[in-house]
Amino acid sequence: MSVEANKALVRRFFDEVCNGMKLDVADSLFAVNHTYHDPIIRAEPGPEGIKRVVAPHRPAFTDLRWTVDDMVAAERDLVVTRWTGSGVHTGEVMGIPPTGKRVTVSGIWIYRIAGGRIAESWSIWDAIGMVRQLGAEPVLAHGHG
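Everything numeric in this text was worked out from a predicted model, so none of it was measured. Each chain has its residues counted from 1, following the order in which its sequence is written. Under the rules for a predicted model, residues below a pLDDT of 70 receive no local features and side-chain atom pairs below 80 are neither given nor counted, while totals for whole chains, interfaces and linings still include all residues. Side-chain figures throughout are based on the complete set of non-hydrogen atoms in the structure, without hydrogens or water.

Enquirer: Whenever I open this one, the overall build of the protein chain confuses me. Can you help?
Expert: What the protein chain contains, in helices and strands, is five helices and five strands. Note on method: radius of gyration uses C-alpha positions; expected globular size equals 2.2 Å times residues raised to 0.38. Taking 15 Å as the expected radius of gyration for a compact globule of 145 residues, we find that the protein chain reaches 15 Å, a close match to that expectation. The dimensions of the protein chain, computed from C-alpha atoms along their principal axes, are 45 × 30 × 25 Å. Relative accessibility decides the category of a residue: with a 1.4 Å probe and only protein chains considered, values under 20% of the type maximum give buried, values over 50% give exposed, and everything between is partly exposed. Counting all 145 residues of the protein chain, 42% fall into the buried class. Here, two residues are considered to be in contact whenever any of their heavy atoms come within 4.5 Å of each other. When contacts within the protein chain are restricted to residue pairs at least 6 apart in sequence, long-range pairs at least 24 apart make up 55% of them. Only four residue types enter the tally: Lys and Arg on the positive side, Asp and Glu on the negative side; His and the chain ends are excluded. To locate a charge, the coordinates of NZ of Lys, CZ of Arg, CG of Asp or CD of Glu are taken. Side-chain charges of the protein chain comprise 16 positive and 17 negative groups, with the mean position of each set lying 2 Å from the other. Each helix is a run of DSSP H or I of at least 4 residues and each strand a run of E of at least 2, with the numbering of both proceeding from the N terminus.

Below is the structure:
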């Protein structure tokens, strides 16, 4: 696929799956054996794993909006996306009950495209910043603060 086609594929993921919550669209975007790498969130392989990563965000942040801040694509079928997500905390997330606070989180998602689908992805995001915005002190930050 061309660099622009790869970027369009990733853009569809953000627009339709993350923002539109059309989770079934993931079936056409992600390879059956897709692997997701995240230091905090674990997911099973394939589109079902990605659906289970995205789905809990909506009840936790009912007005959640993901914005693609920047996107670059490489010739080796890699797409790197810098994103920001913002929403009001209306449901339990990471063990924290609803606070009603607006939270803004940013991160980077790297995608490897193969055969017209997302075959592998890596996610790095500011989980500690999110938890602190919700008024909790993350366990990971104790003694490192």
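Enquirer: So what exactly am I meant to see when it comes to the packing of aromatic side chains here?
Expert: For any two aromatic rings, the description comes down to two numbers: the centre-to-centre distance and the angle of the planes. Stacked, tilted and edge-to-face are the three classes assigned to paired rings of Phe, Tyr and Trp, where Trp is represented by its six-membered ring and a pair needs centres within 6.5 Å; plane angles under 30 degrees give stacked, over 60 edge-to-face, the rest tilted. Here the structure, examined in full by the defined rule, presents ten aromatic pairs. Measuring from ring centre to ring centre gives 6.2 Å for Phe13 and Tyr111, while their planes differ by 70°; the resulting arrangement is edge-to-face. Of the two residues, Phe13 is situated in helix α1 (residues 3-19) and Tyr111 in strand β4 (residues 102-114); the sequence distance between them amounts to 98 residues. An identical accessibility class is assigned to Phe13 and Tyr111; each is buried. Ring geometry for Trp109 versus Tyr111: centroids 5.6 Å apart, planes at 20°, classification stacked. Each member of the pair, Trp109 as well as Tyr111, is classed as buried. Joined through ring pairs, the aromatic side chains of Phe13, Phe14, Phe30, Tyr36, Trp66, Trp83, Trp109 and Tyr111 make up one cluster.

Enquirer: Which parts of the structure should I look at to understand the pattern of salt bridges?
Expert: Think of it this way: side chains of opposite charge can pair up when their charged atoms draw near. Think of a salt bridge as a Lys or Arg side-chain nitrogen and an Asp or Glu carboxyl oxygen that are within 4 Å of each other. Counting across every chain of the model gives nine salt bridges. Here Lys51 and Glu48 are joined by a salt bridge, their closest N and O atoms 2.8 Å apart. Residue Lys51 and its partner Glu48 are both found in helix α3 (residues 47-54); the two are separated by three residues, about one turn of the helix. Look at Lys51 and you get buried, because its relative accessible area is 9%. Arg102 is the salt-bridge partner of Asp63, the closest N and O atoms lying 2.6 Å from each other. Of this pair, Asp63 sits in the loop between α4 (57-60) and β2 (65-73) while Arg102 is found in strand β4, placing the two residues 39 residues apart along the sequence. Overall, Asp63 belongs to the partly exposed group, its relative accessible area being 33%. The network of salt bridges with shared partners includes Asp24, Asp27, Glu48 and Lys51.

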